[in-house]
Amino acid sequence: MRYLIREKLFTIGDDYWIEDEDGHRAFLVDGKVLRLRDTFELKDTSGRILAVIKEKAFTVRDAMKIENADGDVIATVREKLFTPFRDKYHVELAGGGELKIHGNLIDKDYRIENSHGDDLARISRKWFRIRDSYGVEIADGADAGLLLAVAACVDHLTEE
């Protein structure tokens, strides 16, 4: 499944829809204001919270954590310690394991893969002709909510 995300989507205080490839609303990104750190909620079309994305405070490296609706951290997206060229971020999963982010993050042409090297998501500007937007293609059986939340974190962290 492919999703359409508009650039500057994750502005604090603004609410935006992530659309599927047919133009239907699939997920709502609800930006929260008046918080000490940047916070977003990813909701389904019925308003149910799937993930809460928060910028981690007081860290040496840029990082954002992804929590489930109960407040349990399920993943942390953080900057790698040493990256001379690309592949600047990785995802630490709370249940153990890691997701790798490879490609050109600034130009929105990268992929997210599991520890076995299987692609879980591909992010690219090339699929849609709409200006200032990019697509996220989720592999069959992969957790769309988690991967869209990871893409949101990467988008937010690279914008900073």
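Residues numbered from 1 in each chain as written. Predicted model: local features only at pLDDT ≥ 70, side-chain atom pairs only at ≥ 80, totals over all residues. Heavy atoms only, no water.

A. Quick peek at the overall build of the chain. Check the secondary structure of the chain and you find 1 helix and 12 strands. Of the regular secondary structure in the chain, the N- to C-terminal order runs β-β-β-β-β-β-β-β-β-β-β-β-α. A separation of at least 24 residues holds for 28% of the contacts in the chain among residues at least 6 apart in sequence. Accessible surface, the chain as shown: approximately 8,700 Å² in total, 46% of it carbon and sulfur. (Helix = DSSP H or I, 4+ residues; strand = E, 2+ residues; numbered from the N terminus. Contact = heavy atoms within 4.5 Å. Areas by Shrake-Rupley, 256 points an atom, 1.4 Å probe, with all protein chains shown as cover.)

B. Quick peek at the environment of I101. Position of I101 relative to the elements: it lies in strand 9 (residues 98-104). Note: C-alpha distance between I101 and D119 (18 residues apart in sequence) is 9.8 Å.

C. Summary view of the sheet that holds strand 2 (residues 15-20). If you walk around this closed barrel you meet the 12 strands as 1-2-3-4-5-6-7-8-9-10-11-12, and the pairing is antiparallel. Strand-to-strand twist of the sheet, defined as the mean angle between neighbouring strand axes without regard to direction, takes the value 20°. (Pairing = 2+ DSSP bridges. Axes fitted to C-alpha atoms, helices over the stretch in contact; angles between N-to-C directions.)

D. The arrangement of the pattern of salt bridges in detail. For the structure on display, the rule yields 11 salt bridges. With a shortest N-O distance of 3.6 Å, E137 and R2 are connected by a salt bridge. Taken as a pair, E137 in strand 12 (residues 133-138) and R2 in strand 1 (residues 2-6) lie far apart in primary sequence, 135 residues in all. Among the salt bridges present, the one from R111 reaches D119, with a minimum N-O distance of 3.2 Å. Relative accessible area serves as the criterion here: at 34%, R111 is assigned to the partly exposed category. Relative accessible area serves as the criterion here: at 35%, D119 is assigned to the partly exposed category. Several salt bridges share partner residues, and in doing so they unite R2, R122 and E137 into one network. (Salt bridge = Lys/Arg side-chain N within 4 Å of Asp/Glu carboxyl O. Buried < 20%, exposed > 50% of the residue type's maximum accessible area, 1.4 Å probe, protein only.)

E. Seen up close, the packing of aromatic side chains. Applying the stated rule across the entire model yields 1 aromatic pair. Seen from the ring of Y134, K108 lies directly overhead, with NZ or CZ sitting 5.5 Å from the centre. (Phe/Tyr/Trp six-rings, centres within 6.5 Å; stacked < 30°, edge-to-face > 60°. Lys NZ or Arg CZ within 6 Å of the ring centre and 35° of its normal.)

F. Expanded view of the pairing of strand 12. Most of strand 12 is tucked away, with 5 of its 6 residues classed as buried. Relative to strand 12, strand 1 runs antiparallel, the two being bridged by 5 bridges. Each bridged residue has a counterpart across the sheet, and for R6 the counterpart in strand 12 is S133.

G. Fine view of the side chain of D30. With respect to the helices, strands and loops of the structure, D30 is situated in strand 3 (residues 25-32). Only 3.1 Å separates the side chain of D30 from the side chain of K43, close enough to count as a polar contact. (Polar contact = N/O pair within 3.5 Å; in protein donor to acceptor, adjacent residues only side chain to side chain.)

H. Representation of unusual backbone geometry within the structure. A positive phi is found at K108, a non-glycine position, where the angle reads about 55°. Within the secondary structure, K108 sits in the loop between strand 9 and strand 10 (109-113). Assessed through its relative accessible area of 2%, K108 is described here as buried.

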